[in-house]
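Chain by chain, the residues run as shown.
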Amino acid sequence: MNKQTIITILLALIVVSGRAQTSFDTGDGCLNVIDISYAKGVGEYGDGGLSANYLHEKFINERFSIGPGIGYSYHKNYKFSAIPIYLSTHYFFLDRKFSPFVNLRVGGFALFNAKNVGSNEKYSLSKEKQGFSLFMSPSIGVKMHITPNIGIMASISDEAYLVKAFDVNKNDYKSKLIHGLGINVGVCFQIKGW
């Protein structure tokens, strides 16, 4: 790429970003977020791994949105995959192009492809099913608009899954919240007319 092409692209990006509105228009569409996350286990029984999520939220006002979400995650120590389905809310602290936010996701999850089951060792899952598979993930982050309808989001989250895992101290399977501290990066966009 030559120097003139790079300068032209940079100038176009500056013009487009300068015209970006300060926030998504609450009356015209919904906030949609696609993100990926890498988490490290937190605590004695914590577990990390990779996850991806899609959420579709309706704006209640300029700063608050709520809606459903779905994801996929793989947990490397416990060796299982999960599909969480949840209710997600965002609160944006500023009604501007760049804004910090908090997010809360709460729901349940379906567990599948579990490989470390009934082995009576740390990071082993019980053969018995958990009564309710709770999923929750609070996070804090920032959003920045690239255009009026597209932005990028980055956050730090605590992903927690309620599973029946082997407790080495009690030598039995107990219900435990396994936590993972995650770094999330995603794209947010607005679909007109939703």
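Residues numbered from 1 in each chain as written. Predicted model: local features only at pLDDT ≥ 70, side-chain atom pairs only at ≥ 80, totals over all residues. Heavy atoms only, no water.

Caption draft 1: How the structure looks around a nonpolar patch on the surface. Together, Ile36, Val42, Tyr91, Phe93, Leu94, Val102, Ile140, Ile156, Leu181, Ile183 and Val185 give the surface a local cluster of nonpolar side chains, amounting to about 970 Å² of exposed area. Position of valine 42 relative to the elements: it lies in strand β1 (residues 30-42). The class of valine 42 is partly exposed, set by a relative accessible area of 39%. (Patch = residues over 30% accessible without salt bridge, like charges linked within 9 Å, V, L, I, M, F, W, Y side chains within 5 Å. Areas by Shrake-Rupley, 256 points an atom, 1.4 Å probe, with all protein chains shown as cover. Salt bridge = Lys/Arg side-chain N within 4 Å of Asp/Glu carboxyl O. Helix = DSSP H or I, 4+ residues; strand = E, 2+ residues; numbered from the N terminus. Buried < 20%, exposed > 50% of the residue type's maximum accessible area, 1.4 Å probe, protein only.)

Caption draft 2: Highlighting the nonpolar core. One finds Tyr78, Phe80, Phe109 and Val163 to be the most contacted residues of the largest nonpolar core, which totals 20 residues. Those elements that place two or more of their residues in this core are β1, β2 (49-59), β4 (80-92), β5 (98-112), β7 (150-167) and β8 (172-191). With residues near it in sequence (within four places) discarded, tyrosine 78 still touches Tyr45, Asp47, Asn116, Tyr123, Ser124, Leu125, Ala165 and Ile178. (Core = buried A, V, L, I, M, F, W, Y, C linked by side-chain atoms within 4.5 Å. Contact = heavy atoms within 4.5 Å.)

Caption draft 3: Structural view of the side chain of asparagine 184. Within the secondary structure, asparagine 184 sits in strand β8. Within the local environment of asparagine 184, its side chain forms a polar contact with the side chain of serine 37, the two groups lying 2.5 Å apart. Those residues in contact with asparagine 184 that lie beyond four places of it in its chain are Ile36, Ser37, Met153, Ala154, Ser155, Ile156 and Ser157. (Polar contact = N/O pair within 3.5 Å; in protein donor to acceptor, adjacent residues only side chain to side chain.)

Caption draft 4: Representation of the environment of valine 187. Mapped onto the elements, valine 187 comes out in strand β8. The class for valine 187 is partly exposed, based on a relative accessible area of 38%. When the C-alpha positions of valine 187 and histidine 145 are compared, they lie 9.7 Å apart, and in sequence the two are 42 residues distant. Setting aside its immediate chain neighbours within four residues, valine 187 contacts Asn32, Val33, Ile34, Ile150 and Gly151.

Caption draft 5: How the structure looks around the pattern of salt bridges. Per the stated rule, a full pass over the model turns up four salt bridges. Where lysine 164 meets glutamate 128, a salt bridge forms, and the shortest distance between an N and an O atom there is 3.2 Å. Taken as a pair, lysine 164 in strand β7 and glutamate 128 in the loop between β5 and β6 (134-147) lie far apart in primary sequence, 36 residues in all. With relative accessibility at 55%, the residue glutamate 128 sits in the exposed group. The residue aspartate 167 makes a salt bridge to lysine 176 at a minimum N-O spacing of 3.1 Å. Like aspartate 167, the residue lysine 176 is buried in the burial classification.

Caption draft 6: Broad picture of the pairing of β7. Looking at chain direction, β6 and β7 are connected through ten bridges and run antiparallel. Across the sheet, residue phenylalanine 135 finds its bridge partner in β7, namely tyrosine 161. Linking two consecutive strands that pair antiparallel, namely β6 and β7, is a turn of two residues. (Pairing = 2+ DSSP bridges.)

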